[in-house]
Amino acid sequence: MKAVGFHTSLPIENEAALVDLDLPTPVPGPRDLLVRVQAVSVNPVDTKVRARVTPAEGQPHILGYDAVGLVEAVGPEVRLFRPGDAVFYAGALGRPGTNAELHCVDERIVGHKPAALSAAEAAALPLTAITAWEALFDRLDVGKPVPGAARSILIIGGAGGVGSIATQLARQLTDLTVITTASRPETAAWSRDLGAHHVIDHTKPLAAEVAGLGLGAPGFVFSTTSTDRHLTEIAELIAPQGRFALIDDPDSLDVMLFKRKSVSTHWEFMFTRSMFSTTDMEAQGQLLDEVARLVDAGRLKTTLAERFGPISAANLRRAHALIESGRAKGKIVLEGWA
């Protein structure tokens, strides 16, 4: 089967950073689906793993953490899907990735593809939808008000992949006023189109930007990017007893800044459930099915922003380069095989 991977961690400008491969077809485990991959999207985690992981000698590392495809075969203990089902999912860190024609994935972290979307449109959603949903509802518990705080949430990085779906979820499923950040006219417009009530400029001091809205101190802050750069401002602007969540990888995180306000801090890492085979691992598949239902009901829309052609090493290198530039909005999707 065709696949794309790497043998050595290299800068994306190097043609060997990602290469086309021909690999054996994987064999599904007891609860695995064997999926024929139709489309994939590219996430910041792809670039981070490529930069940090050293593959075993002679063994390529296959990236990819979002996929849409058709179930080709199932393991003997599978009970939720059958061959021919259209599915979407975000995979697991400890297994070969979705940049392959055929891919094995545990059925518990898989959802039924939204019927209203094409394969490319659906491929933009799984990883970011899981991350945003877990951050909002499992970590921040946004349904539980913060006493005395404004019923609002600040989403830092509103035009990114996670920010784009978090904005929609917060607008559609809560009564919160949604404040996002962006720094360019096109990303601010993108964020407003997805449902943000207010968009502020994250190149300016965030506390003053939020105060200028006249809403009061938000009870919730969700940081998707540049947390270390904004941490002091976050500590200033968030309400006492507020809740703060982040998903990026700051070199350090001085949570002492939050002590005087008793602000709780929550990490969201969507691979935790699959990495540790938690007893509630199936919640991710259920979550994706609910996302599909909301899409088909017209309440959520794809965050697909760029189509980079068929799945190939050359096109994936282009996608990695755009993500590493920090100028991507929404999601980059590749569909079909070169």
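What counts, and where the lines are drawn
Every residue gets a number counted from 1 within its own chain, in the order that chain's sequence is written. Under the rules for a predicted model, residues below a pLDDT of 70 receive no local features and side-chain atom pairs below 80 are neither given nor counted, while totals for whole chains, interfaces and linings still include all residues. The side-chain numbers reported here are obtained from all heavy atoms of the structure, hydrogens and water having been left aside. The salt bridge definition used is simple: a Lys or Arg side-chain nitrogen within 4 Å of an Asp or Glu carboxyl oxygen. Working definition: helices are DSSP H or I runs of at least four residues, strands are E runs of at least two. Numbering for both runs from the N terminus. A helix's residues, less one, multiplied by 1.5 Å, set its expected span. The classification of residues rests on relative accessible area computed with a 1.4 Å probe and restricted to protein chains. Under 20% of the type maximum is buried, over 50% is exposed, and intermediate values are partly exposed. Contacts between residues were defined by any pair of non-hydrogen atoms, one from each residue, lying within 4.5 Å. We treat two strands as partners when DSSP finds at least two bridges between them. Only the stretch in contact is used when fitting a helix axis, every axis being a line fitted to C-alpha atoms; angles between N-to-C directions are given from 0 to 180 degrees. Under the rule applied, a polar contact is a pair of N or O atoms within 3.5 Å (in protein, one hydrogen donor and one hydrogen acceptor; residues adjacent in sequence only if both atoms are side-chain atoms). Pairing of aromatic rings covers Phe, Tyr and Trp, the last through its six-membered ring, and needs centres within 6.5 Å; plane angles under 30 degrees mean stacked, over 60 mean edge-to-face, and all others mean tilted. Sitting over a ring, as applied to charges here, requires NZ of Lys or CZ of Arg to be within 6 Å of the ring centre and within 35 degrees of the ring normal. The handedness of a crossover follows from its direction of travel: if, with the strands pointing away from the viewer, the path from the first strand over the helix to the second runs clockwise, the crossover is right-handed. Buried Ala, Val, Leu, Ile, Met, Phe, Trp, Tyr and Cys residues form a nonpolar core when they are joined through side-chain atoms within 4.5 Å. Our angle categories are set so that under 35 degrees counts as roughly parallel, over 145 as roughly antiparallel, 65 to 115 as roughly perpendicular, and the remainder as oblique.

**Considering the pattern of salt bridges**
Any two side chains of opposite charge can pair, so long as their charged atoms come close to each other.
Next up, step 1: Within this structure, the stated rule accounts for 18 salt bridges.
Next up, step 2: One salt bridge in this structure joins Arg184 and Glu186, with 3.0 Å as the shortest N-O distance.
Next up, step 3: Between Arg273 and Asp280 there is a salt bridge, with its nearest N and O atoms 2.9 Å apart.
Next up, step 4: One salt-bridge network, in which partners are shared between bridges, spans Glu134, Asp138, Arg139, Glu268, Arg273 and Asp280.

**Focus: helix α10 (residues 313-325)**
Working note: α-helix, 3.6 residues per turn, so residues spaced by three or four point in the same direction.
Next up, step 1: In a regular helix each residue adds 1.5 Å, so 13 residues correspond to 18 Å; α10 covers 18 Å between its end C-alpha atoms and thus fits that length.
Next up, step 2: What α10 keeps buried is the set Ala313, Asn315, Leu316, Arg317, Ala319, His320 and Ile323.
Next up, step 3: On its buried side, α10 packs onto β1 (2-6), β2 (19-22), β3 (32-42), α1 (44-52) and β16 (331-335).
Next up, step 4: Backbone geometry just after α10 places Gly326 at a positive phi near 80°.

**Here we look at the sheet that holds strand β13 (residues 243-246)**
Note: strands within a sheet are paired through backbone hydrogen bonds, in either parallel or antiparallel orientation.
Next up, step 1: Spatially, the 6 strands line up as an open sheet ordered β11-β10-β9-β12-β13-β14, and their pairing is parallel. What marks the edges here is a single partner per strand, and that holds for β11 (198-201) and β14 (264-267). Across this sheet, the average inter-strand angle for adjacent strands is 20°, counted without regard to direction.
Next up, step 2: Pairing of strand β9 (residues 150-156) with strand β10 (residues 177-182) involves 4 bridges; the strand directions are parallel. Within β10, the residue paired with Ser152 across the bridge is Thr177.

**As for the environment of Thr227**
Next up, step 1: Here Thr227 shows up in helix α7 (residues 227-237).
Next up, step 2: Setting aside anything within four residues of it in sequence, one finds Thr227 in contact with Phe244, Leu246, Asp248 and Leu253.
Next up, step 3: For Thr227, the side chain forms a polar contact with the side chain of Asp248, separated by 2.6 Å.

**Notes on the environment of Trp133**
Next up, step 1: Along the chain, Trp133 turns up in helix α3 (residues 126-139).
Next up, step 2: Separated by 135 residues in sequence, Trp133 and Glu268 have C-alpha atoms that sit 9.8 Å apart.
Next up, step 3: The residues touching Trp133, leaving out its near neighbours within four places in the chain, are Asp138, Leu169, Leu173, Leu287, Glu290, Val291 and Leu294.

**Overview of the packing of aromatic side chains**
Next up, step 1: Scanning the entire structure with this criterion turns up 4 aromatic pairs.
Next up, step 2: Ring plane angle 70° and centroid distance 5.5 Å describe the contact between Phe269 and Phe271, whose orientation is recorded as edge-to-face.
Next up, step 3: According to the relative accessible area criterion, Phe271 is buried, its value standing at 2%.
Next up, step 4: The structure contains a cluster of three or more aromatic residues connected by ring pairs, namely Tyr65, Phe269 and Phe271.
Next up, step 5: The lysine or arginine in question, Arg318, covers the ring of Phe308, its NZ or CZ lying 4.1 Å from the ring centre.

**Considering the sheet that holds β1**
Next up, step 1: Spatially, 3 strands are ordered β2-β1-β4 in an open sheet, and the strand pairing comes out antiparallel. Every other strand in the sheet has two partners, leaving β2 and β4 (61-62) as the edge strands with one partner each.
Next up, step 2: Two strands pair when backbone bridges link them, and β1 and β2 are joined in this way by 4 bridges, in the antiparallel orientation. Note that in β2 the partner of Ala3 across the bridge is Leu21.

**Regarding the pairing of β13**
In summary, the side chains of a regular strand alternate between the two faces of the sheet.
Next up, step 1: Residues Arg243 and Ala245 of β13 are buried on one face, and the alternating residues Phe244 and Leu246, pointing to the opposite face, are buried as well.
Next up, step 2: Sheet topology places strand β12 (residues 218-223) next to β13; 4 bridges connect them, and they run parallel. Pairing of Phe220 across the sheet is with Arg243, part of β13.
Next up, step 3: Considered for its hand, the β-α-β crossover made up of β12, α7 and β13 is right-handed.
Next up, step 4: Here β13 pairs with β14 via 4 bridges, running parallel.

**Side note on the nonpolar core**
Next up, step 1: If you look at the biggest cluster of nonpolar residues, it comprises 79 residues, and the most contacted ones within it are Leu33, Tyr89, Leu136, Leu140, Ile153, Phe222 and Leu334.
Next up, step 2: Among the elements that make up this core, the one with the highest residue count is α3 (7 residues).
Next up, step 3: In this view, Leu140 contacts Ala135, Ile153, Phe220, Val221, Phe222, Arg243, Phe244, Ala245 and His266; residues no more than four positions away in its chain are not counted.
Next up, step 4: Ranked by size, the runner-up nonpolar core spans 17 residues in total, among them Leu206, Val221, Leu231 and Phe244.

**Some remarks on the packing of α1 against α10**
Next up, step 1: Running from N to C, α1 and α10 point in directions that differ by 100°, and their axes come no closer than 9 Å. Taken together, the axes of α1 and α10 are roughly perpendicular relative to one another. Residues Pro44, Asp46, Thr47 and Arg50 of α1 lie in contact with α10, whose contacting residues are His320, Ile323 and Glu324.

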